[in-house]
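Residue-level listing of the chains:
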Amino acid sequence: MGFPEILLAAATAGAAGLGSGVPVAAWGRTRDPRFLLIAGANLALLALGLVWLWAYAAPTPPSYAVASLPEVALGALVAVLLLSASLLPRRR
């Protein structure tokens, strides 16, 4: 993994970690299951970013943890789409 992969993996993990706090708080207030699903998806993206960062830090990472730039970019795109979908108002 080069610098772009590390940067995108760290951005994915950071954005997903920070983005999971608000849905958890909203779920605690309203008990709407949509917020719990959004928080779960953010935490899954956080785990994915941490696995990618672990692959860079480990001297001999397992083959399933090593990611290339297209895979990391796709994960970052999923994170952006997930977070932007949570900004849409719900239909009544």
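As a reminder, the structure under discussion sits directly above these lines.
Residues numbered from 1 in each chain as written. Predicted model: local features only at pLDDT ≥ 70, side-chain atom pairs only at ≥ 80, totals over all residues. Heavy atoms only, no water.

Caption draft 1: Geometry of the environment of Ala-44. Examined against the element boundaries, Ala-44 turns out to sit in helix H3 (residues 33–57). On the basis of relative accessibility, which here comes to 46%, the residue Ala-44 falls in the partly exposed class. Along the primary structure Ala-44 and Gly-75 are separated by 31 residues, whereas in three dimensions their C-alpha atoms are 11 Å apart. (Helix = DSSP H or I, 4+ residues; strand = E, 2+ residues; numbered from the N terminus. Buried < 20%, exposed > 50% of the residue type's maximum accessible area, 1.4 Å probe, protein only.)

Caption draft 2: Structural view of unusual backbone geometry. Residues other than glycine seldom take positive phi values, yet Arg-31 does so here, at roughly 60°. By the element assignment, Arg-31 lies in the loop between helix H2 (21–30) and H3.

Caption draft 3: How the structure looks around the layout of surface pockets. In this structure, the largest pocket spans a volume of roughly 150 Å³. Along its surface, the largest pocket is lined by Gly-19, Val-22, Pro-23, Ala-26, Phe-35, Ile-38, Asn-42, Leu-83 and Ser-86. Broken down by secondary-structure element, the contributors of at least two residues to the lining of the largest pocket are H2 and H3. Grouping the constituent residues of the lining of the largest pocket by class yields six nonpolar, three polar and no charged. (1 Å grid on protein atoms, 1.4 Å probe; cavity = no way out; pocket = protein on both sides within 12 Å on 5 of 7 lines; lining within 4 Å. Points joined across faces, edges and corners; volume = space filled by probe spheres on them. Nonpolar A, V, L, I, M, F, W, Y, C, P; charged D, E, K, R; others polar.)

Caption draft 4: Spatial organisation of the side chain of Ser-20. With respect to the helices, strands and loops of the structure, Ser-20 is situated in the loop between helix H1 (3–19) and H2. What makes Ser-20 buried here is its relative accessible area of 9%. Within the structure, Ser-20 has its side chain in polar contact with the backbone oxygen of Gly-17 (distance 2.9 Å). If near-sequence neighbours (up to four positions away) are discounted, Ser-20 is found in contact with Ala-39, Asn-42 and Leu-43. (Polar contact = N/O pair within 3.5 Å; in protein donor to acceptor, adjacent residues only side chain to side chain. Contact = heavy atoms within 4.5 Å.)

Caption draft 5: Fine view of the environment of Gly-28. Structurally, the position occupied by Gly-28 is in helix H2. Exposure remark for Gly-28: the relative accessible area of 41% places this residue in the partly exposed category.

Caption draft 6: Just the packing of H2 against H3, in detail. Orientation of H2 relative to H3, taken along the N-to-C sense of each, is 160°, at an axis distance of 8 Å. Relative to H3, H2 is oriented roughly antiparallel. Pair H2 / H3 crosses with left-handed handedness. For the pair H2 and H3, contact is made by Pro-23, Val-24, Ala-26, Trp-27 and Thr-30 and by Pro-33, Phe-35, Leu-36, Ile-38, Ala-39 and Asn-42, respectively. Partitioned by chemical class, the residues of the contact of H2 with H3 number nine nonpolar, two polar and no charged. (Axes fitted to C-alpha atoms, helices over the stretch in contact; angles between N-to-C directions. Parallel < 35°, antiparallel > 145°, perpendicular 65-115°, else oblique. Left-handed = near helix turned anticlockwise from the far one by under 90°.)

Caption draft 7: The arrangement of the packing of H1 against H2 in detail. Two elements in contact, H1 and H2, have axes separated by 4 Å at closest approach and are oriented at 20°. Relative to H2, H1 is oriented roughly parallel. Every residue of H2 that contacts H1 at Gly-17, Leu-18 and Gly-19 is listed here: Gly-21, Val-22 and Pro-23. Partitioning the contact of H1 with H2 into residue classes produces three nonpolar, three polar and no charged.

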